[in-house]
Every structure is written in C-alpha cells, then in structure tokens.
Amino acid sequence: MFFLAFILVNNFAFAQNLDITGKVTTGTNATPLSGVTVSIKDKQIATTTNADGTFTLSAAKGSTLVFTHVGYTLKEVVLNSNTKLDVQLNTSAGGLDEVVVVGYGSKRKRDITAAISTVNMSDIGEAPSRGVTQLLQGQAPGVVVKQKDGRPGAEFEVRVRGISSLGAGSEPLYVIDGFAMGTSSGVNINPNDIESISILKDAAATAIYGARGSNGVVLITTRSAKEGQTRLNVSVDYGVQNIPKSRRVTVLNGPEFAQFKKEVWMDNVRYFQNREPSIDEVPIGFRYPEQTKYSTNWFNEILHNNAPYTDYNISMTSGSGPIKSMLSIGYYKEEGAIIKTNYDRFSIRANIGGQVNKFITVGWNTAATYSRQNLTNTDGRNAIVGSTLIMDPREPMYDSAGKLRPYIGGSDGVFGYPNPVFLLNNVINKRNIADILSNGFVEVALLKNLRFRSSANVRLNYNNFRFFQPSTIGNLLGSGQSGAPPKLAIANENTDQLLNYSLDQLLTYAPNIGENHSLDFLAGFTAQEETLRGVSGSGNTFPDDLVPYLGAAILRSSSSFEAGWSLLAYIGRVNYAFEDKYLLSASIRREGSSRFGVKNKYGTFPAASIGWRVTKEKFMPKLSWLTDLKLRASVGETGNNNIGNYSSLAFLGTDNYILGNAIAAGKVVTSFANSALKWEKSRQVDIGMDLSLFSNKVVVTAEYYKKITNDMLLPVSIPAVSGFTTTLDNIGKVENKGFEFAVDYRAKVHLLNIRNSFNIAFNRSKILAIKGPNDMLITGNSFYGGYNIQKVGRPIGMIYGYKKLGIFNTQDEINKAPKQDGVIPGGMRFWDADGNGEVTYDTKDMVEIGNPSPKFTWAHTLAMDYKKFDFNILLIGAQGFQIYRNIEASTMNMDGVFNVLDKAKDRWRSPQNPGSNPNDVHSQGGTNYFKWSRESSDRYVYDASYLWIKNISLGYALPKIKSISSAKVFISVTNAFLFTKYPGNNPDVSQRQSIDGGNDDEAYPVPRTFAIGAKLNF
C-alpha cells in the first residue's frame, strides 16, 4: 500500500509542472525508440520514453537533457525556448555512457556500482567460435576460461573469481534473454546469434539471483531486429584443424622400444642374479632391436590431419515500422582432430516484437537447435589417446591382407590393447540433442514512469546417447592373448527429456522527485520449475555384430527415472543518485527451493552498493585529461543450491531378503534425511575504482574483493553402527580474495584506429574450517595417480604426495636413510615428513607438492584497423601453477609392459649408469622393482605456466558492389602458438573436478585451427 501511495503522490505532485514533450527515434529511418532514459544533466530528474518513443519531462530553459538506451550512443540536447523535441540516437560504439544489461534490467555503465564486466562482441575479431564459453576467453579480469580438451562441441570451463565451494560446484549461472538456464550455457546456442554478454561478479550484482548467484552470473542477450531497412546478412567460414608437432608427446619408436625392452631385461638379470646375461638368453622378440620390422606411431595414426570445419549463417531482419522481426539460420560442422569424431549443429532463431499501441509493447523469441556428436572415450591411459602412447610400437596396424588388426600387443610381456584405429571405426558412440528455447513478454505502461512487464520462458531438451561395442573389440590391458577378441558385444542407450519453464512478473517505477535526485524501483516475483525424465537400457550377448540395437541382444535390462526441482522468489531493488555524484543501489531476494530441508526452505539474499563520482566534487580540480573518476563499494550475500534434487531426504533402495527359504524383494534405507539442510551462503565485499581519461580514450577499472562461503555442503562421517558412514551436512568455510585490474585504450592516429585492452587478476583461496577428522579432506583417491588435499589454512585443492629427495644409487645410501620398506637401488628417495624414521607406504608422509591454481591470470587484446584492413590478436596467460602429469605413471613405467617417453632413455639404470641428472626432481628411477618407483610424488609435478596466442585474425573490407551494402573477407588462426615448459599437450587440462584440479591423465588434444571466411550484407 505504501508503494502504491508513493506512486500516486508523485504523479499528482508533478502534474502541475510544465512538461517538455518530445519523441526519440533511430538515426537510420526515424523509427520510434521505447524505453530510452531521458534525464536532466546534473539535476537527477529522469523519465523513459513510451512505446511510441514519446516522453514528457519538466525542465528549465538552458538545462541539458541526456538520452541513453541499450546499444545506442548517449546524446545531450541543450534546451532553448522550444518545448517540443525530436531526438535521434545512433548505434553505440561503447564507452562509459554505454547502456549494459544487468540482472532484471539495464544501466548506464557510468552509473554501475557493482562489479560487472561486459564482452564487446565487435572486439573479439573473426576467430571461429564453437560455443558461448569460448567467446568469454580473455575478455574479463577474474573470469578464467579453460579449454580443458579439444573434443568437438565441448564446452569450456568457466570460473568467476575462483573456486567457492568444496561440495556444491563452482560453475556460474547462465541467463539467456532473461531466462536462468542453469550452470551450463549448453553447446547448442549459435554464437553468431549473440548480441552482448555481461558478467556479474560481485554480490551486489548477483544477489538478485539468490541461491544461484554465488559463482557469478553470465547474462547473454541474443540478437533482435534493429530499426532500419530490411537486411540480409550472410557469413561463411571454412577451416582446417591439426595437432601441432610441438604439442605431440614423443614416445619410443619400434627399434627404440625393442632396445628399451632388452635393457630392462638385462638389467633385471644383472641385479637379481648378479651376473652378466648372454645375448642368446634375451627373448627373440627384442634380442636384436635393429632388426625390428615395424615401427608404428599409434598417436599419429589416430589423428585426422587437416580436419575441416565449416560455419554457415544467414539472417534476415525487418526493422521498419512499429513491429520488428528477425530470422537467423545456422549450420556448424566440425571434424575432430581424432578420426571418426565430429560435431555438427543446425540452429534457427526467430523473434518478433514492437509496440501494439501507445501503452503496450510485446516481444517473442524462439530458438531451436539440433546437434549430433560422434564421441570416443579420450580421458586416461585406458582411453584412446592415452593408450596410443603406451601401446607396443613394434606391432603393425594392418595384417598381411591389408586389413586393420583388431588387437595389438600381448607379446613379450607388453600389455595388449584394441587397435585404436579399428576401435574408432567400429564402435558406435553417438549423442544427439534437440533443444528448444522460447520466451516472450508483454510490457504495459500503467502510469507515467510506471511499467509492468510479464514474461514467460520455456525450454525443451531431448538428449539421446547410443553406444555399441562389437565383439571384435578386445579388452584393455590384456595380458598375453587373454584380452584378444572375440568378446561379448555390449550396447547402451539413454534418452532424457527436460522441461524447464519460468514466469517473471516485474514492476518498475522511476518517479521524478526533484532536480538533484534520481530514483527508480524494481519489485517482482519469479517462479521456475524443471523436470527431467529418462529411460535407459543395456544389453549384451548379441548373436552377431550386424544389428547394433538393444532389441537384438539376448540379455537386456532397462530402467527409468524422473527428477525435478522448483523455486519461488520475491525480488526488490532500488537505485538512487544525488547530483550524479552519490550513487546507491540495494537489492533483496527472498527465495524458496525444493532442494533444501523443510526447516530451511527459504533464504534471504540482500546486497547493497554505493558509488562516489569524485570528479563531480567542487574541491576536485578541473583537469583536461581526467574525464571521470568513480569510487565504489559493495557488500552482499548470495547462495549456492547446486547440491542435487533430494539431498535433504532419506532414500529407499531395493534389496533382497530370505523369507521361508525363498528370495523376496524388499526395501532398505540407503541414506539419512536431514531436514535442517540449508543454503550454502557466500558473503562478499567489493571495493572498486572506475577511471576514465582523455575523453574516454583510456578506461581503467580496479577491484579488490573478499568472499567467504559458509555452511558448505559436504559429507560428514557418522558412526558405522547407524548403517552408514557419511551423511550430508552444512560444514566448512572457504575464503576467496583477490585483485583485478583492467585497462582499455582506444585512439585514432590519422587513418589508424587502435583498440588495446589488458586485464590481470590475482585470486587466493583459503579453507577456513572443515568439520571433520583433523580438519582436512584427502580427495583424488589414487596412490599411484595423485591426490588433492583440502586443509584448513591452506588453498583449495593443493596437490598432495611424497616429496622426492632423489634416487637411491647404492645399498649403502638406503641403509643410512629413513626406512623405506622394500626399496632397492634405483628406487625413489622420499622425505620422511613426520620424522619418525620411516617413510610408510600410505599417505602419512605425504605433503603438499603443488598448487593447481595460478598466482595470476592475464589477457591482452590488440585490435587495429587501417583503411579497409582490420587486425585482431588475443593473448592469454597463467603464471605460477602446477599440474600433476598422471599419465607419466604409465608412460614412464619401467617394467617394460608399456611403451615409454623418449626421455626414458636417460633413466637410472645402475650406480655406474645413473642417467645424466639423477638429482633432478623429474629424473626416473630404476627398472628392477615397481615399489617406490611410481607412487604419487612431485616426480610428476610440472610447472604449467604459459603464454598462449589464442587468436589472430586479419580482415579486409571489399570495395562496394552493386546490391551489396558491405562485404568482408578474413583469415584467422586459433590456438596459434603456445609457450610453456609443460610437457603435455595442454596446460589447461584436468580430468578431475574443480577441487581436484591439475591432474593430467592425457585427454583429447587441443588443435590449431586455420580459417578463411567472408561476410556479406545486403
């Protein structure tokens, strides 16, 4: 009631004022623009234009009216005696007066008091992009985007200001055209349909999204028709992908591996039998390495050299008159750098909107995509890529008849594997996804400066996965011929159907309350629900491999499921400014979620921010080079509900009982309920500065932030007498704090336009509390593959293992060192961390041996255009972090059961032949006994700091041609040059989750892409 009364009072209070009337239109064809903010400069009085572009505002003669709108350049008009104005706005090229999208609204960039970064789509250049997440790379400080592997169609990993949770995920929320999609943007949105991206980083910006805002929010606005003539736009890209030789792992060839096998065998005899073996004793398979007949590089054999990709897009817009519409169609196809892997996507988007009459504006946007992906398992030594590094290179790929051999190895003690080329050609591994996203709105001008907007969003997603492995595929790690085919053929098929819909009801009011004041309100209600249904089936024992479907299997099983969640929220926000000098914004969200216990269904998420425009102060000298200086600060609380749908409830599982000497089906409790399970909350403080120099030619942003996450959702140990060992509870606390800096420089020197931007970010995480044994959690669970540790007082996810001191060269050195049970000369010498005189074969003597989180990340974009040429280059980097090279536990296994890296030639072999640098932390120990030779240790930890020239593009605008308004051709290189000491293909790799980061067990390699393209506008 108070809110409505306030509205009525303000309307009556200003009804007596003398109004200046006017109309705002586009600069192209005078089409009316609705929603334009019209304010009096330095007086803090504002209004917005109606659906027909008209406005009324009280102002004195000589005042300056300021006109701003999303995507258009700010315009100022000085009032004279004329009280009727016609104003035209032109498309914006950026700057502090640019209007950007924020949560549930928009703002001028100069008035923002929260930490928000925007991605300028025109500054990205012409580099090909497979998805939304790739567009974010290097564009904003504190936003770390990693291409963890090179799979066609794969999303990039995005982290905003570090890892905030040990148990509930750290992915940001993606919001597309106002629809909160979740923690994945999906690979099925066409990047060419994107108009703008805003990244909300602090609590003042994200709290309005409540329990999904703690990891940042990515706001994506898709293209719509602009006012102007009907236009047709066509773009075509074509490129090829290759794995650079400099990023290929080098292993032994056939003769070299035979020599290695011979040396391992002979060294073993010398040590354990204390004699020199004769040549006749050496197994014939590697007795004479120089006579090795075959030498197969299995990694090179699976590569698809010059793998093509194509990207076709066509769009048509009609922006004349009150109703505007757009239709875009796209087709993207990418052949993977590994044979038989690929991804393609069909996309179509249509939108229509405009004014129905003077008071009503409507809009509707529908997008549909259909993608097909041919997959293969690529992560780990038992997958395609890792297996090619350790397979026997002495074996041929084809048999004597020229056919692919199904199985490789199994002789001379070398483990056997399926022929990777045969596997890729014969295993069916497909995923097809259909995705429809639709949203619409109705906006009604109820009273002067009072608007009501009702919007509806819906998403339908169909996801089908099909797998068939024929009987001709053998076992991994086969000993002798035991793994060779034929084996049982197996098949799996899963189909999921997702329905997600939401309704938003928003009321906005921007009253005129005086010359020196500006005020606007937002009040709203939002509800969202998602349901996921699925059915899966599996089968084996096929009569043959001719029918690769479940119906042909003799033994079959199936299952189905349904899961869902819902939320309900009330939101409010107020923005106030005094003399355009003192700025205040405050928001609150009261949200209920089905995911939490009955005692904590609802949570409240408040936030506030302030800004001080120092350059408006009278004491501030008027400096010609200082355009704007604003200091700001914010504080707020956000949440994280990414814990699954039914974590607060008890579960029943099926189990069998013996009743009357017969098996009877029954139920058993499989987990405890926790009715008090509550929100994981993050409290964040942010202090920032926005500085503009030389008429906005130089724009500087600096931020300091501190975020503390409380009530983390983690499993806690409970007495086993309860029937369980763990239950989920709110425990633990994590801190992230850091500094971000960005500078943007734009200038014109004669005919040369320069756009130069640089950003750098420092983030430090610290675990403040874990309610558990010894206040630490050891994760990763791999004695031979690397651990991560979560420990109070230390950063998240530190790499954990033995600290290597060197290699035992003699038995005398072993006798003088702390006890290592079973170690022999050539074994690794590890530190006795607890000082008890013994290095035990468990985790008790393990310590922190690396940090997978960089000390800082940075990016630099340089763009220039001269006459008809334009050039763009993006460099990104990360400094001061380590990766556990897990694959080397296999590729540097000295047992002779795998092929090994080229550097294994310089291994320790004997006291007389210890290798060139046995004291180096990465030197490899002996070949005679497995124990103390490949345990988790810093032997496998490498500095992964890098500089990566990610994108280079060069474009040329063709001379004007009849019937074509503009035409452009370009060439580009993606993942151009990598500078790093890391020995793997990709320093951004990690097969494990965020808190277990920095583990490389070999993944799909990241290719370099060369492309050429053209854009035509009619």
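Residues numbered from 1 in each chain as written. Predicted model: local features only at pLDDT ≥ 70, side-chain atom pairs only at ≥ 80, totals over all residues. Heavy atoms only, no water.

- You'll find the protein entered in an unreviewed UniProt entry as SusC/RagA family TonB-linked outer membrane protein, with Segetibacter aerophilus given as the organism.
- Regarding the protein, the UniProt comment filed under Subcellular location (unreviewed entry) reads as follows: "Cell outer membrane".
- The record held by UniProt for the protein lists under Sequence similarities (unreviewed entry) the comment "Belongs to the TonB-dependent receptor family." (UniProt positions renumbered as here; feature names shortened; annotations may be inferred.)

### Observations concerning the overall build of the protein
And step 1. The helix and strand tally for the protein stands at 9 helices and 52 strands.
And step 2. By the compact-globule yardstick of 31 Å for 1018 residues, the protein fits well, its C-alpha radius of gyration being 32 Å.
And step 3. Counting only C-alpha atoms and orienting by the principal axes, one finds that the protein spans roughly 110 × 75 × 65 Å.
And step 4. Counting only residues that meet the buried cut, the protein has 54% of its 1018 residues in that class.
And step 5. For the protein, contacts bridging at least 24 residues in sequence account for 69% of all contacts bridging at least 6. (Helix = DSSP H or I, 4+ residues; strand = E, 2+ residues; numbered from the N terminus. Rg over C-alpha atoms; globule rule 2.2 N^0.38 Å. Buried < 20%, exposed > 50% of the residue type's maximum accessible area, 1.4 Å probe, protein only. Contact = heavy atoms within 4.5 Å.)

### Notes on the domain arrangement of the protein
And step 1. Its domain assignment divides the protein into domain 1 (17–89), domain 2 (99–238) and domain 3 (790–1017).
And step 2. Inter-centroid distance (C-alpha atoms) of domain 2 to domain 3 is 29 Å.
And step 3. Taken residue by residue, the interface counts 32 residues in domain 2 and 38 residues in domain 3.
And step 4. Interface area, domain 2 with domain 3, both sides summed: about 2,700 Å², of which 52% is carbon and sulfur. (Domains from an automatic or database assignment. Buried area = accessible area lost by both parts, 1.4 Å probe.)

### Digging into the pattern of salt bridges
And step 1. With the rule as written, the count across this model stands at 54 salt bridges.
And step 2. Its salt-bridge partner being R909, residue E263 comes within 3.7 Å of it at the nearest N-O pair. Taken together, the residues span a long stretch of sequence, with E263 in helix α4 (residues 254–272) and R909 in the loop between α9 (888–891) and β49 (941–943) at a distance of 646 residues. Each member of the pair E263 and R909 is classed as buried.
And step 3. R909 is the salt-bridge partner of D267, the closest N and O atoms lying 2.9 Å from each other. Of this pair, D267 sits in helix α4 while R909 sits in the loop between α9 and β49, and the two are 642 residues apart along the sequence. The burial state of D267 is the same as that of R909; both residues are buried.
And step 4. A single salt-bridge network, built from bridges that share partners, covers R161, K201, K630, R632, D686, D690, E703 and E740. (Salt bridge = Lys/Arg side-chain N within 4 Å of Asp/Glu carboxyl O.)

### Details of the sheet that holds strand β10 (residues 116–119)
And step 1. One open sheet holds the 5 strands; their spatial order is β10-β15-β16-β13-β14, and the pairing between them is mixed. The two strands at the open ends of the sheet, each matched to only one other strand, are β10 and β14 (179–182). Pairs of neighbouring strands in the sheet enclose a mean axial angle of 25 degrees, with direction left out of account.
And step 2. Bridge count for β10 against strand β15 (residues 194–200) is 4 bridges, and the pairing is antiparallel. When the sheet's bridge partners are listed, T118 is paired in β15 with S198. (Pairing = 2+ DSSP bridges. Axes fitted to C-alpha atoms, helices over the stretch in contact; angles between N-to-C directions.)

### Topic: the environment of L447
And step 1. Tracing the backbone shows L447 in strand β24 (residues 428–447).
And step 2. Through-space distance from the C-alpha of L447 to that of F359 is 9.3 Å; in sequence the pair is 88 residues apart.

### Side note on the packing of aromatic side chains
And step 1. Applying the stated criterion to the full structure yields 27 aromatic pairs.
And step 2. For the pair F881 and Y946, a centre-to-centre distance of 6.3 Å together with 80 degrees between the ring planes defines the contact as edge-to-face. One end of the pair, F881, is in the loop between β47 (869–879) and β48 (882–884); the other, Y946, is in strand β50 (residues 946–957), and 65 residues separate them in sequence. By the burial criterion, F881 is buried, and Y946 matches it.
And step 3. If you follow K931 out to its NZ or CZ, it ends over the ring of Y841, 4.8 Å from the centre. (Phe/Tyr/Trp six-rings, centres within 6.5 Å; stacked < 30°, edge-to-face > 60°. Lys NZ or Arg CZ within 6 Å of the ring centre and 35° of its normal.)

### Brief notes about unusual backbone geometry
And step 1. Residue P486 follows P485 across a cis peptide bond; omega there is 10 degrees.
And step 2. Position of P486 among the secondary structure elements: in the loop between β25 (450–469) and β26 (490–509).
And step 3. Positive phi, close to 55 degrees, is recorded for N306, a residue that is not glycine.
And step 4. In this fold, N306 is placed in the loop between α5 (298–301) and β18 (307–319).
And step 5. For N306, a relative accessible area of 46% puts it in the partly exposed group.
And step 6. Unusually for a residue other than glycine, W932 sits at a positive phi of about 65 degrees.

### Looking at α4
Each turn of an α-helix holds 3.6 residues, which means side chains three or four residues apart point in the same direction.
And step 1. The end-to-end C-alpha distance of α4 is 27 Å, a good match for the 27 Å that 19 residues give at a rise of 1.5 Å each.
And step 2. Considered for burial, the residues of α4 that qualify are G254, F257, A258, F260, K261, K262, E263, V264, M266, D267 and V269. (Expected span 1.5 Å × (residues − 1).)

### A word on the side chain of D832
And step 1. By secondary structure assignment, the location of D832 is in the loop between β44 (828–830) and β45 (847–850).
And step 2. Buried charged residue D832 carries no salt bridge. Nearest counter-charge: R829, at 10 Å.
And step 3. Among the polar contacts listed, one links the side chain of D832 to the backbone nitrogen of G837, at a separation of 2.7 Å.
And step 4. Sequence-distant contacts of D832, that is, excluding residues within four places in its chain, are made with P818, G837, E838, V839 and D845. (Lys, Arg positive; Asp, Glu negative; His and termini not counted. Polar contact = N/O pair within 3.5 Å; in protein donor to acceptor, adjacent residues only side chain to side chain.)

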